[in-house]
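# Structural overview
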Amino acid sequence: MTYPPGFAWGVATAAYQIEGAVAEGGRGPSIWDTFVRQPGAVFHGENGDVACDHYHRWEADLDLMAELGIPAYRLSLSWARLQPTGSGPLNPEGVAFYRALLEGCHARGITPYVTLYHWDLPQALHELGGWPARSTAERFGEYSALVADQLGDLAEHWITINEPICASFLSYHWGMQAPGHTDEGEAVRAAHHLLLAHGLALTAFRERLPTAKVGITNLISHLNPATGSPEDAAATRIADIRFNRTFLEPVYRGRYGEDVAEVFGHLGLTAGETIDGLVRPGDLALIGAPTDFAGVNHYTNTLIAADPEGFGGFRMIQVDPTPTNFDWSDTPSALRDVLVRIHRDFTPLPLYVTENGATFTDYPTPDDAVHDPERIAYLEGYTAAVGEAIDHGVPVSGYFAWSFLDNFEWSWGFSQRFGIVYVDFATQRRIPKDSAYWYRTFISGTTGRTP
């Protein structure tokens, strides 16, 4: 495959999943610190208190990244570390930590791509209503302005929100993620306010850093009917609205479509704006303001079957093969098709695959190696799919493998290993897996970059 000059090859992480040090450096509690302590919320009752201890080991982690020839690193800032209560001035210790981390990237020739929000809402804001409350979006806009002022000189590329569908529906309706609520009305309000938060953050960065490149990352599902029945076709349309169009249309078309309003209008998500409604005058202009790129996270290829007992009236079936530990599909063409669709139907902007990866049963051998041929095959397929999308005329500008390190995988605790680097959580030893060395060779072959 031929990739365009300047294509960003990288790896990705998220603050809560790797940093640890949850009560150090002035960090305040987040909704995840609370959620992990709810009985049954997380596999084996595990938590991110230590995780990969990246807060104390970041220099060695960046050294390893450089040794592996990784040119770009997508990381997230912990809102709870930078602004412990979600309002007021930034925490100086948090600012110092992230300045050192970002400067450390530059010193090693690694380009940072920075995410402002990857799900670690300060607990104090949750107690004031969380994402279902409009005030949380307003606080996020203020937080983003402070980040732009104090860290904006250290990165060119900024992602406002990671996967608003997860921070809304998985968190407030499905109960799978913090704060673990099961109220669809809360989820719909959270979804709109997360998109509004994106718009407010975008405005803050435009005012302070007009040359910064800013976008949002959405988790995009590849969906097809399980059968040729009209019922499955109708269910697939509803699933696409719920998973994809609710989050894509307002950002890239400046509106919620009539189909979205048809599904969620009874919960306040309307195509039009009203003074006292959920969608208020000016919201859609903020949400739909031009961005500089579109972030795409993609993991699975899913069939949709009508099911009156399922969420939204459907159930999801993974397309075979499903070799990963999550029983997720391994069909690279789905990523190609997602990228083609986003470019064709929603935006001509450059696209970045900001997350893509898989979990397998990884373990060190007696000679201290970690052999993961399944992950190598997965990466071969999905990076080739990116090349195919480019051949179809899609302006893909980067690919970030999820993840750099094995980490705390949210409600699955430490049971799922996504990393190209193995982490022994008992000792915090890092062992690059075979896939890490494959990725180094692959990147060198496409860019000519020598680690």
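In case you missed it, the structure is sitting above this.
Residues numbered from 1 in each chain as written. Predicted model: local features only at pLDDT ≥ 70, side-chain atom pairs only at ≥ 80, totals over all residues. Heavy atoms only, no water.

### Examining the state of the cysteines
Going through the model one piece at a time under the given rule, you end up with zero disulfides. The structure places no disulfide on Cys166, whose sulfur is separated from the nearest cysteine sulfur, that of Cys52, by 19 Å. (Disulfide = S-S within 2.5 Å.)

### Some words on the nonpolar core
The biggest cluster of nonpolar side chains holds 150 residues, and the ones touching the most others in it are Leu77, Tyr117, Trp131, Trp158 and Tyr439. No other element matches helix H9 (residues 184-208), which puts eleven residues into this core. Setting aside residues up to four positions removed in sequence, Leu77 forms contacts with Ala15, Leu82, Tyr98, Val114, Thr115, Leu116, Asp120, Tyr143, Val147, Leu151 and Trp158. (Core = buried A, V, L, I, M, F, W, Y, C linked by side-chain atoms within 4.5 Å. Buried < 20%, exposed > 50% of the residue type's maximum accessible area, 1.4 Å probe, protein only. Helix = DSSP H or I, 4+ residues; strand = E, 2+ residues; numbered from the N terminus. Contact = heavy atoms within 4.5 Å.)

### Focus on the pairing of strand E12 (residues 421-424)
Each regular strand displays side chains that alternate between the two surfaces of the sheet. With four bridges joining them, E12 and strand E13 (residues 429-432) adopt antiparallel strand pairing. When the bridges of E13 are listed, Val423 appears paired with Arg430. With antiparallel pairing between neighbouring strands as the criterion, E12 and E13 make up a hairpin whose turn holds four residues, including Gln428 at a positive phi of roughly 70 degrees. (Pairing = 2+ DSSP bridges.)

### Side note on helix H13 (residues 332-346)
Compared with an ideal rise of 1.5 Å per residue, which puts 15 residues at 21 Å, H13 spans 21 Å between its outermost C-alpha atoms and is within 8% of the ideal. Within the span of H13, buried status applies to Ala334, Leu335, Val338, Leu339, Val340, Ile342 and Phe346. (Expected span 1.5 Å × (residues − 1).)

### Comments concerning the side chain of Asp33
Relative to the assigned elements, Asp33 resides in helix H2 (residues 31-35). A residue is classified by how much of its surface remains accessible, and Asp33, at 9% relative accessible area, is buried. Within the structure, the side chain of Asp33 is placed 2.9 Å from the side chain of Arg27, a separation counted as a polar contact. Looking at Asp33, its side chain comes within polar contact range of the main-chain nitrogen of Ser30, at 2.7 Å. Setting aside residues up to four positions removed in sequence, Asp33 forms contacts with Tyr16, Val22, Arg27, Gly28 and Asp49. (Polar contact = N/O pair within 3.5 Å; in protein donor to acceptor, adjacent residues only side chain to side chain.)

### Describing the pattern of salt bridges
Applying the stated criterion across every chain, the model contains 32 salt bridges. Salt-bridge contacts for Asp259 lead to Arg237; the nearest nitrogen and oxygen are separated by 3.3 Å. Placement of Asp259 in helix H11 (residues 258-264) and of Arg237 in helix H10 (residues 230-253) is noted, with a sequence separation of 22 residues between them. We classify Asp259 as partly exposed; its relative accessible area is 24%. By relative accessible area, Arg237 is classed as partly exposed at 31%. Taking the shortest distance from any N to any O, the salt bridge between Lys433 and Asp406 comes out at 2.8 Å. Taken together, the positions of Lys433 in the loop between E13 and helix H15 (434-447) and Asp406 in the loop between strand E11 (396-402) and E12 put the pair 27 residues apart, joining distant regions of the chain. (Salt bridge = Lys/Arg side-chain N within 4 Å of Asp/Glu carboxyl O.)

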